[in-house]
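Reading the structure
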Amino acid sequence: MLWPLLERDGATQTPLDLALAPGLPDRAVLEAATAAFAECLGVENPGASAVRTPEPVGGTRVIDLHAAAALAVLGAAGVQVPATELNPVRGLLEVAASSWTRSAREAGLELTVDEVKDVVAAVCLLGADDAASVRDVLRRVVPGVPGRAGAQWLLDLQRPVTGLEANAVGHGRVGDVLIADRFGRSVALVGSCTWGLSRKAALRVVHVARRLEIELSETPGVGALAAELLRRAGDSYGDDPRALRTAFLLKPRGVMDVSTDDVDRAERAVAAARDAAGRAEALTDLGVALRDDARLAESLDALEAAVAAWRRLAANDLDRYRTALVGAINALGVAHWRAGMTKDALAAQLEAVELTRTAEERDTGWIEAELARVLMSLTVVLNDTGPPQEEDARFMELLPILRNLVQRDPRQWGSS
């Protein structure tokens, strides 16, 4: 209903919790959003000029623009909206919380606004899509609430018309903001919602915590909250190899990431590995974690062991293990570069590039991402060791690959 009003190619492909493309101005989205929301509510369109524009102007996330537009239209419809809240998503949550509380009371539940917010935040963290899981959430957050009435209310609250439906990776930015606000202010809520988790729930907490680290990194206290959620989820899944691997893979990667927690998880994964491929994966993860923790000598030992393990596996089935071998060799090359061993780094990354060249065309979708990572590492090394022409040539090779990856997955590759 909203996007056709923009009449712009590709607009429907912009995820709501990412920023707009540079060619699509904020005002165009606000005008379309206010018109669409006003039509939905059957009120006169207040226009984009009535919207309190989120800061900064330009590059704003689509969901923030939508929330700001929705607040303006709700105000025009006579709904009381927060007058001083600068964050439009939080403003929209305040309006929603009043609605949630009314619905709870209509269901015969005596819950305060704060209790309702905590319940909904817990649903966003843990997931609750059947009677058993919603009862579990209610027992954790508001014990004593009538089970049948509470479960029905919470299930009804999650139906699409309320806007609480989950996306493919859990609840989106609105849910994440609510989680950060409610759990960030209550140690008791964190404790009650993270003890005795099932493996499935613990893995969901890992996904949410890792997403918070990335999507709300600018929010004070979110890093500490995410770390605590990860620690408590880890207590539940123990030494389950898949869970340890998931916690590591979802870690946001930066040039100077340092985390002793990830070293511990990777060491546990090596010990818990059940087969040769699992051990090779765990050794690679351990080497990367040690490298990011600036323990370079230990990192090189682990990554050399990982590369040797992947070579043994690839010797019998290169097509199956090529991507993993390329990733391990590239990780070793980066560790060499950080240790000042530029010749070894260059040799490793050139080998990794050549390995990607031998991939079958059917594997392009898998190997292309690894090639991009290797070329990014290689251009850094060539900046130190190679002639400028070689660095430029590799960069020109990298650029179209990155553009293709960004088009396929803007969340992962947009900042590359």
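Residues numbered from 1 in each chain as written. Predicted model: local features only at pLDDT ≥ 70, side-chain atom pairs only at ≥ 80, totals over all residues. Heavy atoms only, no water.

Here we look at the overall build of the chain
- The helix and strand inventory of the chain stands at 19 helices and 0 strands.
- Here the chain, with 416 residues, has 47% of them falling under the buried criterion.
- Summed over its atoms, the accessible surface of the chain is roughly 20600 Å², and 53% of this surface lies on carbon and sulfur atoms. (Helix = DSSP H or I, 4+ residues; strand = E, 2+ residues; numbered from the N terminus. Buried < 20%, exposed > 50% of the residue type's maximum accessible area, 1.4 Å probe, protein only. Areas by Shrake-Rupley, 256 points an atom, 1.4 Å probe, with all protein chains shown as cover.)

Comments concerning the pattern of salt bridges
- Under the defined criterion, the tally for this structure stands at 24 salt bridges.
- Among the ionic pairs, Arg311 bridges to Glu351, the shortest N-O distance being 2.7 Å. With a gap of 40 residues between them, Arg311 in helix H14 (residues 296–316) and Glu351 in helix H16 (residues 342–357) connect regions that are remote in the sequence.
- Residues joined in a network through salt bridges with shared partners are Glu228, Arg231, Arg232 and Asp235. (Salt bridge = Lys/Arg side-chain N within 4 Å of Asp/Glu carboxyl O.)

Here's the deal with the packing of helix H15 (residues 318–338) against H16
- Axis separation between H15 and H16 bottoms out at 8 Å; the angle between their running directions is 160 degrees. Relative to H16, the element H15 is oriented roughly antiparallel. The handedness of the crossing between H15 and H16 comes out as left-handed. Here H15 contributes Leu318, Arg322, Leu325, Val326, Ile329, Asn330, Gly333, Val334, His336 and Trp337 to the contact with H16, which in turn contributes Thr342, Asp344, Ala345, Ala348, Gln349, Glu351, Ala352, Leu355 and Thr356.
- Grouping the amino acids of the contact of H15 with H16 by side-chain chemistry returns 10 nonpolar, 6 polar and 3 charged. (Axes fitted to C-alpha atoms, helices over the stretch in contact; angles between N-to-C directions. Parallel < 35°, antiparallel > 145°, perpendicular 65-115°, else oblique. Left-handed = near helix turned anticlockwise from the far one by under 90°. Contact = heavy atoms within 4.5 Å. Nonpolar A, V, L, I, M, F, W, Y, C, P; charged D, E, K, R; others polar.)

Quick word on the nonpolar core
- Counting residues in each nonpolar core, the largest one holds 67 residues, and the members touching the most others are Leu125, Val137, Trp153, Leu154 and Phe183.
- If one sorts the elements of this core by residue count, helix H4 (residues 113–126) sits on top with 9 residues.
- Contacts of Leu154, omitting those with residues within four sequence positions, involve Val119, Val123, Val134, Val137 and Leu138.
- In this structure, Leu303, Val307, Ala314 and Leu378 belong to the second largest nonpolar core, which totals 34 residues. (Core = buried A, V, L, I, M, F, W, Y, C linked by side-chain atoms within 4.5 Å.)

Points about the packing of aromatic side chains
- The full count for this structure, using the stated rule, is 1 aromatic pair.
- Here Trp310 and Tyr321 contribute two aromatic rings whose centre-to-centre distance is 6.0 Å and whose plane-to-plane angle is 40 degrees, an arrangement assigned as tilted. Of this pair, Trp310 sits in helix H14 while Tyr321 sits in helix H15, and the two are 11 residues apart along the sequence. Here Trp310 and Tyr321 have matching classes, each one buried.
- Above the face of the Trp195 ring, Arg140 is positioned so that its terminal group lies 4.8 Å from the ring centre. (Phe/Tyr/Trp six-rings, centres within 6.5 Å; stacked < 30°, edge-to-face > 60°. Lys NZ or Arg CZ within 6 Å of the ring centre and 35° of its normal.)

Re helix H2 (residues 62–76)
- Over its 15 residues, H2 extends 21 Å from the first C-alpha to the last, a length consistent with the 21 Å expected when each residue adds 1.5 Å.
- Taken from the residues just after H2, Gly78 is the one with a positive phi, measuring 95 degrees. (Expected span 1.5 Å × (residues − 1).)

What about unusual backbone geometry?
- Positive phi values are uncommon outside glycine, yet Ala294 reaches one of about 65 degrees.
- Within the secondary structure, Ala294 is located in the loop between helix H13 (276–292) and H14.
- The class of Ala294 is exposed, set by a relative accessible area of 60%.

Quick look at helix H1 (residues 26–41)
- The terminal C-alpha atoms of H1 lie 22 Å apart, and with 16 residues this matches the ideal 22 Å at 1.5 Å per residue to within 8%.
- The inward-facing, buried residues of H1 contact H2.
- The positive-phi residue at the C-terminal boundary of H1 is Gly42, with phi of around 70 degrees.

Regarding the confidence of the model for the chain
- Here the chain averages 83 in pLDDT, while 85% of its residues score no lower than 70.
- pLDDT under 50 marks residues 1–15. Its contacts with residues more than four places away, or in other chains, come to 31 contacts.
- Low pLDDT, under 50, characterises residues 161–170; the stretch is placed with 16 contacts to residues that sit more than four places away or in other chains. (pLDDT = per-residue confidence, 0-100.)

So, the environment of Ala96
- By secondary structure assignment, the location of Ala96 is in helix H3 (residues 88–106).
- Along the chain, Ala96 and Lys117 lie 21 residues apart, while their C-alpha atoms are 9.4 Å from each other.

Focus on the side chain of Asn330
- Along the polypeptide, Asn330 turns up in helix H15.
- Here Ser377 takes part through its side chain, which lies 3.2 Å from a polar atom of the side chain of Asn330. (Polar contact = N/O pair within 3.5 Å; in protein donor to acceptor, adjacent residues only side chain to side chain.)

As for the side chain of Asp118
- When you line up the elements, Asp118 lands in helix H4.
- When neighbours within four sequence positions are excluded, Asp118 is seen to be in contact with Val141, Arg182 and Leu189.

With respect to the environment of Phe395
- Mapped onto the elements, Phe395 comes out in helix H18 (residues 388–408).
- Using a relative accessible area of 41% as the deciding quantity, one classes Phe395 as partly exposed.
- Sequence spacing of Phe395 and Ala372 is 23 residues, and the spatial spacing of their C-alpha atoms is 9.9 Å.

Focus on the packing of H16 against helix H17 (residues 364–385)
- Where H16 contacts H17, the two axes come as close as 9 Å, and the packing angle between them is 150 degrees. Overall, the two elements H16 and H17 adopt an arrangement that is roughly antiparallel. Read as a crossing pair, H16 and H17 show a hand that is left-handed. Across the interface between the two elements, Thr342, Ala345, Leu346, Gln349, Leu350, Ala352, Val353, Thr356 and Arg357 from H16 touch Ile367, Leu371, Val374, Leu375, Ser377, Leu378, Val381, Leu382 and Thr385 from H17.
- The class makeup of the residues in the contact of H16 with H17 is 12 nonpolar, 5 polar and 1 charged.

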